Amino acid sequence: MKVAIIGTGYVGLTTCLAMAYLNHEVIGVDKDSDKLSLLRQGISPIHETGVQALLHQITENVCFTGDLKSAVADSEIIMIAVGTPPKQDGEADIRYVEEAAKEVACGLEPNREYVIVIKSTVPIGTNRRIAHLVHSVLQARGVRTDVCFASNPEFLQEGLALRGTFYPDRVVVGTDRPEAVDAMRQLHKPILERSFDPPSFLAAPDDENLPSLIATDATNAEMIKYAANTFLALKISFINEIAGLCERVEADVTEVARGVGLDSRISHRFLQAGVGWGGSCFPKDTAALLRVASEYGYSMPIIEAARVVNQRQRTLIVEKLQHALKILRGRTIGILGLAFKPNTDDVRGAPALEIIRLLNEQGAYVRAHDPVAIPHAREDLENIEIEFVEDAYAVSNAADAIVIITDWNEYRSLNLHTLAKPMSTPILIDGRNIYSPDEARDAGFQYMGIGRG
Ligand SMILES: NC(=O)c1ccc[n+]([C@@H]2O[C@H](COP(=O)([O-])OP(=O)(O)OC[C@H]3O[C@@H](n4cnc5c(N)ncnc54)[C@H](O)[C@@H]3O)[C@@H](O)[C@H]2O)c1
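None of the values given here were measured: they were computed from a predicted structure.

**Q** How should I be thinking about the packing of helix H5 (residues 95–107) against helix H6 (residues 126–141) in this particular structure?
**A** Two quantities define a packed helix pair, namely the angle between the axes and the distance from one axis to the other. In the contact formed by H5 and H6, the axes pass within 9 Å of each other and the chain directions differ by 35°. In the packing of H5 onto H6, the handedness of the crossing is right-handed. Across the interface between the two elements, Val97, Glu98, Ala101, Lys102, Ala105, Cys106 and Gly107 of H5 pack against Arg129, Ile130, Leu133, Val134, Val137, Leu138 and Arg141 of H6. A class-by-class count of the residues in the contact of H5 with H6 yields nine nonpolar, one polar and four charged.

Below is the structure:
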């Protein structure tokens, strides 16, 4: 099928490459000329597992352009995957989706059949609003053409984005037009049937469960996305709340989570205690859902509590450092991990940046490492006094404490003796519980995990 994808960020680019790999004819559209220039040279603007490899591999049926109107004119399916950042009051800002939709409407040709798909995470009612907007532009242009609308929320996880796109648990299509469901079913056919040869870097999952296509209406689809993300955020906050009590009663939350997660009704996924959730989705989606609820005078105390618990996890790190060092002013704190999760360079909503700001306010001096996210963190922290180092071990030079914030694989196999040796005081705050307390203590560390009494 001929597909135009508006926005080539984490979601858009991954979708472009996956659809092109499945032999669709794809045009990726972006208004960021730097991004386009990199993409045209075959360089990925984001760090995401397999994306660079696919960009090299697929050269024939994908191209990238800034010319939105021409890109959509000849497409059957037009997917909008632009950002929906949070406003000050938590409401999702749908300005970019609206702008993109208007531009799309300006490019549609008469007497054709199009399906416009909203992939961006948008508040309830946005799909209806976009349909109205597109029809108004078409009417003003005097163009008669058949346009169906579908909400197709994206559930991928950064760091595992291609896995999530090729092997989703479900594909949600929210529309009132059966033709749109048919078109989306055809687009996703190889994914729904798992009938494609997996890319070399992405083995098929062991399970035989094929993904379902859920055909529903747009409001349900919009709600499914928010409810899914909110539930995941809630699950993490739940185990973090349990972790706090574990510390007080001298239990170990990693053992508790193992025992709880083996219950198949619960599962171990998203049940790891730590510095709390971040990223560009959970914080903004929980805030946006609360904002929608407030428009109806409806309270959502569980979701509010999940956000409060999450915030507490950030200050917990500073409290642990205060407990161990007493005075933070003038101390050197080594930070391992800046990205909001491993295998991505994304620092939007990253716990590390918030913790670094808190430490900076306390007068501590921060030295930080991340395998790929330093350039983005540098931009974000431009007003903060901080030293970035290219080697993980360099954070420990004369440091008073080290905090592990992102569970990158390379941090799981550090030589703890080498790490501890050059420190002024060998204190390790393991914000992701990736080391065993005994192992860290054997290396000479005073060790504090999260929820490990
Ligand atoms: N990142 C994730 O893990 C994830 C997962 C699921 C859903 N989502 C949702 O998907 C949407 C996109 O997220 P993202 O992380 O990919 O965003 P992003 O910021 O990485 O990318 C958005 C891209 O859209 C481009 N853009 C904006 N307006 C445009 C226009 N009018 N024409 C052409 N290009 C335009 C921007 O230049 C940018 O490259 C958001 O609504 C987000 O909530 C994200």
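**Q** In this structure, what is going on with the packing of aromatic side chains? I would like to understand it.
**A** With the rule as written, the count across this model stands at five aromatic pairs. Where Phe166 meets Phe196, the ring centres are 5.3 Å apart and the plane angle is 40°; that geometry is what we call tilted. Taken as a pair, Phe166 in helix H7 (residues 161–166) and Phe196 in the loop between helix H9 (189–193) and strand S8 (212–216) lie far apart in primary sequence, 30 residues in all. Phe196 carries the same exposure label as Phe166, and that label is buried. Look at Trp277 and Phe282: their rings are 6.3 Å apart centre to centre, the planes differ by 75°, and that puts the pair in the edge-to-face class. A single burial state applies to Trp277 and to Phe282, both of which are buried. Each member of the aromatic cluster is reached from another via a ring pair, and the members are Tyr21, Phe166, Tyr167 and Phe196. Over the face of the ring belonging to Phe155 we find Arg170, whose NZ or CZ atom lies 3.6 Å from the ring centre.

**Q** What exactly am I supposed to notice about empty space enclosed by the protein here?
**A** Any empty space left between atoms is shown by rolling a water-sized probe over those atoms. A complete count under the given rule lists one cavity of 30 Å³ or more for this structure. In this structure, the largest cavity encloses a volume near 40 Å³. Contributing to the lining of the largest cavity are Ile118, Ser120, Thr121, Val122, Asn127, Ser151, Pro153, Ala221, Glu222 and Lys225. Residue contributions to the lining of the largest cavity peak at three residues, all from helix H10 (residues 218–249). Partitioned by chemical class, the residues of the lining of the largest cavity number four nonpolar, four polar and two charged.

**Q** I keep staring at unusual backbone geometry and nothing clicks. Help me out?
**A** Peptide bonds are, in most cases, trans, and in most cases residues other than glycine have a negative phi. With a phi close to 65°, Asn343 is a non-glycine residue in the positive phi region. Tracing the sequence through the fold places Asn343 in the loop between strand S9 (332–336) and helix H14 (351–361). Overall, Asn343 belongs to the partly exposed group, its relative accessible area being 34%.

**Q** I keep staring at the packing of H10 against helix H13 (residues 301–325) and nothing clicks. Help me out?
**A** Viewed as axis vectors pointing N to C, H10 and H13 meet at an angle of 50°, and their least axial separation amounts to 9 Å. With respect to H13, the axis of H10 lies oblique. Once H10 is placed against H13, the crossing between them reads as left-handed. Contacts between H10 and H13 pair Thr230, Leu234, Ser237, Asn240, Glu241 and Glu247 from the former with Ile302, Ile303, Ala306, Val309, Asn310, Arg312, Gln313 and Lys320 from the latter. Residue composition of the contact of H10 with H13, by class: five nonpolar, five polar and four charged.

**Q** Please clarify how the side chain of Gln313 should be interpreted in this entry.
**A** Relative to the assigned elements, Gln313 resides in helix H13. Judged by relative accessible area, Gln313 falls into the buried class, the value being 3%. Polar side-chain contacts of Gln313 include one of 2.9 Å to the backbone oxygen of Gly274. Not counting chain neighbours up to four residues away, the residues in contact with Gln313 comprise Asn240, Gly274, Val275, Gly276 and Ile450.

**Q** What should I look at first to understand the pattern of salt bridges in this one?
**A** In total, this model carries 27 salt bridges according to the counting rule given. When the shortest N-O distance is used, the salt bridge between Arg265 and Asp263 registers 2.8 Å. We note a salt bridge from Glu387 to Arg367, for which the minimum N-O separation is 3.1 Å. With a gap of 20 residues between them, Glu387 in strand S11 (residues 386–388) and Arg367 in strand S10 (residues 365–369) connect regions that are remote in the sequence. Take Glu387: its relative accessible area is 30%, and that puts it in the partly exposed class. Arg367 sits in the buried class, given a relative accessible area of 10%.

**Q** What am I meant to see in the sheet that holds S10 here?
**A** The pairing of strands in a sheet comes from backbone hydrogen bonds and takes either a parallel or an antiparallel form. On the basis of which strands lie adjacent, the open sheet formed by six strands has the order S11-S10-S9-S12-S13-S14 and parallel pairing. Two strands lie at the open edges of the sheet, namely S11 and strand S14 (446–448), each paired on one side alone. Averaged over all pairs of adjacent strands, the angle between strand axes in this sheet comes to 20°, irrespective of strand direction. When strand S13 (residues 427–430) meets S14, the two strands line up parallel, connected through three bridges. Looking at the pairing, Ile429 lines up with Met448 of S14. Against the sheet, H13 touches S9, strand S12 (401–404), S13 and S14, its axis set at about 160° to S13.

About the criteria used
- Residues numbered from 1 in each chain as written.
- Predicted model: local features only at pLDDT ≥ 70, side-chain atom pairs only at ≥ 80, totals over all residues.
- Heavy atoms only, no water.
- Axes fitted to C-alpha atoms, helices over the stretch in contact; angles between N-to-C directions.
- Helix = DSSP H or I, 4+ residues; strand = E, 2+ residues; numbered from the N terminus.
- Left-handed = near helix turned anticlockwise from the far one by under 90°.
- Contact = heavy atoms within 4.5 Å.
- Nonpolar A, V, L, I, M, F, W, Y, C, P; charged D, E, K, R; others polar.
- Phe/Tyr/Trp six-rings, centres within 6.5 Å; stacked < 30°, edge-to-face > 60°.
- Buried < 20%, exposed > 50% of the residue type's maximum accessible area, 1.4 Å probe, protein only.
- Lys NZ or Arg CZ within 6 Å of the ring centre and 35° of its normal.
- 1 Å grid on protein atoms, 1.4 Å probe; cavity = no way out; pocket = protein on both sides within 12 Å on 5 of 7 lines; lining within 4 Å.
- Points joined across faces, edges and corners; volume = space filled by probe spheres on them.
- Parallel < 35°, antiparallel > 145°, perpendicular 65-115°, else oblique.
- Polar contact = N/O pair within 3.5 Å; in protein donor to acceptor, adjacent residues only side chain to side chain.
- Salt bridge = Lys/Arg side-chain N within 4 Å of Asp/Glu carboxyl O.
- Pairing = 2+ DSSP bridges.

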